[in-house]
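One letter stands for each residue in the lines below.
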Amino acid sequence: MARLSLPCDEQTIRSLKVGDFVELSGRLITGRDAAHHWLIEQYRSEVAPYMAGSVIYHVGPVVKRHEDGSYSFVAAGPTTSIREEPYQADVIGRYGLRGVIGKGGMGPKTLAGLKEHGAVYFHAIGGAAQVLAESVKKVETVFQLAEFGVPEALWVIQVEDFPVVVTMDSHGGSLHTQVDGASKAKLDQLLGLSA
Amino acid sequence: MTSTEQWTERFVEVIARASTQLAPDVVAALQRGRAEEEEGSLARKALDTILANVDLARDKWQPICQDTGTPLVWIHHPVGMSTRMLSQAFTEAVKVATSRQLLRPNAVDPLLDRNTGHGAAPGIPTVHCEEWDEDAVEVRMLLKGGGCENVGAQYSLPNPALKADRNLEGVKRCILDAIYRAQGKGCAPGIIGACFGGDRGSGYLESKRQLLRRLDDRNPLPELDAMEQEILAKANQLGIGPMGFGGKTTVLGVKIGYLGRLPASYFVSVSYMCWANRRAAARFSPDGGVQWLD
Ligand code: SF4
């Protein structure tokens, strides 16, 4: 599959496999550390409709406010996901998320959560702040802006052809584990450490 | 006499360049990597996106990555010039660049647990001044991102698990292990700056100073040049690839320096720099002329 519209259903997400390159279009929400704490502290019914069937993007964007009060994204590359490892699986389960976008991959708890709830981890291209900001077409609304500040707020955005790679799927597969294992074997061979 | 304000303005220009214009040798290395990856592979797609991003940032003079990193600068100045003035001017330049959105407010005070909002904090930016015999001022700086800084590593030799003894072979083993451990997490393909010897502080600092070198330069010391070439070739056999998606382009360059050590210590310090290797250098002559360096 090359393109995916958000929100989407479980079956579509279950059809995705590790290594798939996907271009995402539609509505998604952003959130990093403060957002994840806030989302599990109690059920936030005001944001829940924006999350069901969609994905959460780990990003601390640079956002421009226009004179008419609207916003646009100026820079929007992914941030390191592993910081949300303690909370991610719960956030996915409680809000019915179908995925996460970030960089660096996540750990076993999230991998199990993806399998249980039918969700995937999409890896964005780290550092590509300008290209990714260009695919953010519209800022619909924002939650917790005053409380958390621009980078930590929950932005509801519309994206078009946002390029990502499935690196953890809903069947327990992880590209990170595969690449780590293969590169370890190669390292051991290069250093003559193989048992 | 050039005033502190004038130096601030000059430094802002250097910072603007570092943040938005990726050096030609880095772009060339990314393009070479792209050409080597298979058509349709994840590695090639990642490099396509990276190269498109580099172009966009350059045209718009906007930050290549939103994590604009720690500003690190090395300044050579004529005898008698005030290093305190230069440090103040550079720190002020970081604040101005932040207010102009060339940098993100990127400094957190860990005691107050608060972003200072203007890009500076104790130790940020890091300014190193050194006197020299020339009458020009030479400025070389880096913006080093947090994601890649987090995957740096320091080893103490000997290291039995790596079969690394206190010799150059041992140093090589540590550097390759650090590249393996980083996987794609430092936004691979990365550039490796390494130092053997020194203490825990000076070793890391020298490893970062190595990152000021152009990717296509060659180490004048034959032993180190051989090491750099060998590690580069081997690292790219690990198969980690851009972003850790798998592929041939894991590392774009390896730069190694050394410092004296105590008999009791043998450190190998490895700094990982992401593909967004934001470097800028300029020479300011006394008549006010500016020459941009690579
Ligand atoms: S490590 Fe990645 S996210 Fe961080 S500054 Fe470098 S390119 Fe940007």
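### A look at the overall build of chain B
And step 1. Looking only at helices and strands, chain B features 8 helices and 11 strands.
And step 2. For 294 residues, the compact-globule estimate of 2.2 N^0.38 gives 19 Å, and the C-alpha radius of gyration of chain B, at 19 Å, lies within 12% of that figure.
And step 3. Considered along the principal axes of its C-alpha atoms, chain B spans approximately 55 × 50 × 40 Å.
And step 4. Taking all 294 residues of chain B together, the buried fraction comes to 56%.
And step 5. Put simply, of all contacts in chain B between residues at least 6 apart along the chain, 78% involve residues at least 24 apart.
And step 6. Distance between charge centroids for chain B: 5 Å, based on 34 positive and 35 negative side chains.

### Quick look at the pattern of salt bridges
Residue and element names in this part refer to chain B.
And step 1. According to the stated counting rule, one finds 32 salt bridges over all chains in the structure shown.
And step 2. R283 is paired through a salt bridge with E138; the nearest N and O atoms lie 3.0 Å apart. Taken together, the residues span a long stretch of sequence, with R283 in strand β10 (residues 278–284) and E138 in strand β5 (residues 137–144) at a distance of 145 residues.
And step 3. On the basis of relative accessibility, which here comes to 21%, the residue R283 falls in the partly exposed class.
And step 4. On the basis of relative accessible area, E138 is assigned to the buried category, the value being 10%.
And step 5. Note that K172 is salt-bridged to E230, the shortest N-O span being 2.9 Å. Remark: E230 occurs in helix α8 (residues 222–235) and K172 occurs in helix α6 (residues 168–182); sequence separation between them is 58 residues.

### Notes on the interface of chain A and chain B
And step 1. Listed as interface residues are 34 residues of chain A and, on the opposing side, 37 residues of chain B.
And step 2. Taken together, both faces of the contact between chain A and chain B bury some 3000 Å²; the carbon and sulfur share is 66%.
And step 3. Where chain A packs against chain B, one counts 1 salt bridge.
And step 4. Residue K60(B) pairs with E134(A) through a salt bridge whose shortest N-O separation is 3.6 Å.
And step 5. For the pair chain A and chain B, the interface holds 13 residue pairs in polar contact (both at pLDDT 80 or more).

### Side note on the domain arrangement of chain B
Residues and elements named next belong to chain B.
And step 1. In terms of domains, chain B is made up of domain 1 (4–21 + 64–145 + 278–293) and domain 2 (147–273).
And step 2. Relative placement of domain 1 and domain 2: their C-alpha centres are 26 Å apart.
And step 3. Contacts between the two partners involve 12 residues from domain 1 and, on the opposite side, 14 residues from domain 2.
And step 4. Both sides of the domain 1 and domain 2 interface together cover about 1000 Å² of buried area, and 70% of this is carbon and sulfur.
And step 5. The interface formed by domain 1 and domain 2 contains 1 salt bridge.

### A few points about the packing of helix α4 (residues 85–95) of chain A against helix α5 (residues 108–117) of chain A
All names here are of chain A.
And step 1. α5 packs onto α4 with a crossing angle of 10° between their chain directions and a minimal axis gap of 8 Å. It follows that α4 is roughly parallel to α5 by the angle criterion. Seen from α4, the contacting residues are E85, P86, Q88, A89, D90, I92 and G93; seen from α5, they are P108, K109, T110, G113, L114 and H117.
And step 2. Classifying every residue of the contact of α4 with α5 gives 5 nonpolar, 5 polar and 3 charged.

### Digging into the environment of A57(B)
And step 1. Residue position: A57(B) is located in helix α3 (residues 42–60).
And step 2. Sequence separation of A57(B) and S19(B) is 38 residues, and the distance between their C-alpha atoms is 8.8 Å.
And step 3. Sequence-distant contacts of A57(B), that is, excluding residues within four places in its chain, are made with Q130(A), T20(B), Q21(B), Q62(B), P63(B) and I64(B).

### Comments concerning empty space enclosed by the protein
And step 1. Counted by the stated rule, this structure contains 1 cavity of 30 Å³ or more.
And step 2. Each pocket or cavity is described by its volume, and for the largest cavity that value is around 30 Å³.
And step 3. When residues of the lining of the largest cavity are traced back to their parent elements, those giving at least two are β9 (154–168) of chain A together with α3 of chain B.
And step 4. Counted by class, the lining of the largest cavity contains 7 nonpolar, 1 polar and 1 charged residues.

### A look at the side chain of N219(B)
All names here are of chain B.
And step 1. Within the fold, N219 resides in the loop between α7 (200–209) and α8.
And step 2. Looking at N219, its side chain comes within polar contact range of the main-chain nitrogen of L221, at 3.0 Å.
And step 3. Within the local environment of N219, its side chain forms a polar contact with the side chain of E228, the two groups lying 2.9 Å apart.
And step 4. Apart from residues no more than four positions distant in its own chain, N219 is found in contact with R213, L224, D225, E228 and I256.

### Let's talk about the site of the ligand
And step 1. What surrounds the ligand is the set K103(A), G127(A), C65(B), D67(B), G145(B), G147(B), C148(B), G186(B), C187(B), C274(B), A276(B) and R278(B).
And step 2. Nearby residues place the ligand at the junction of chains A and B.
And step 3. Class assignment for the residues of the shell around the ligand results in 5 nonpolar, 4 polar and 3 charged.
And step 4. Both domains that meet at the shell around the ligand, namely domain 1 (4–21 + 64–145 + 278–293) and domain 2 (147–273) of chain B, each give it at least three residues.

### Brief notes about the sheet that holds strand β8 (residues 251–258) of chain B
Residue and element names in this part refer to chain B.
And step 1. If you trace the 4 strands from one edge of the open sheet to the other, you get β6-β9-β7-β8, paired in mixed fashion. Two strands lie at the open edges of the sheet, namely β6 (153–156) and β8, each paired on one side alone. Sheet twist, expressed as the mean angle between neighbouring strand axes with direction ignored, is 15°.
And step 2. One ladder, built from 7 bridges, connects strand β7 (residues 190–196) with β8; its direction is parallel. Looking across to β8, one finds that G190 is bridged to V251.
And step 3. Its contacts with the sheet place α6 against β6, β7, β8 and β9 (267–273), and it is angled at close to 35° to β9.
And step 4. Where α8 meets the sheet, its contacts fall on β7 and β8, and the angle it forms with β8 comes to roughly 150°.

About the thresholds
- Residues numbered from 1 in each chain as written.
- Chains lettered and ligands numbered in written order.
- Predicted model: local features only at pLDDT ≥ 70, side-chain atom pairs only at ≥ 80, totals over all residues.
- Heavy atoms only, no water.
- Helix = DSSP H or I, 4+ residues; strand = E, 2+ residues; numbered from the N terminus.
- Rg over C-alpha atoms; globule rule 2.2 N^0.38 Å.
- Buried < 20%, exposed > 50% of the residue type's maximum accessible area, 1.4 Å probe, protein only.
- Contact = heavy atoms within 4.5 Å.
- Lys, Arg positive; Asp, Glu negative; His and termini not counted.
- Charge placed at Lys NZ, Arg CZ, Asp CG, Glu CD.
- Salt bridge = Lys/Arg side-chain N within 4 Å of Asp/Glu carboxyl O.
- Buried area = accessible area lost by both parts, 1.4 Å probe.
- Polar contact = N/O pair within 3.5 Å; in protein donor to acceptor, adjacent residues only side chain to side chain.
- Domains from an automatic or database assignment.
- Axes fitted to C-alpha atoms, helices over the stretch in contact; angles between N-to-C directions.
- Parallel < 35°, antiparallel > 145°, perpendicular 65-115°, else oblique.
- Nonpolar A, V, L, I, M, F, W, Y, C, P; charged D, E, K, R; others polar.
- 1 Å grid on protein atoms, 1.4 Å probe; cavity = no way out; pocket = protein on both sides within 12 Å on 5 of 7 lines; lining within 4 Å.
- Points joined across faces, edges and corners; volume = space filled by probe spheres on them.
- Near = heavy atom within 4 Å.
- Pairing = 2+ DSSP bridges.

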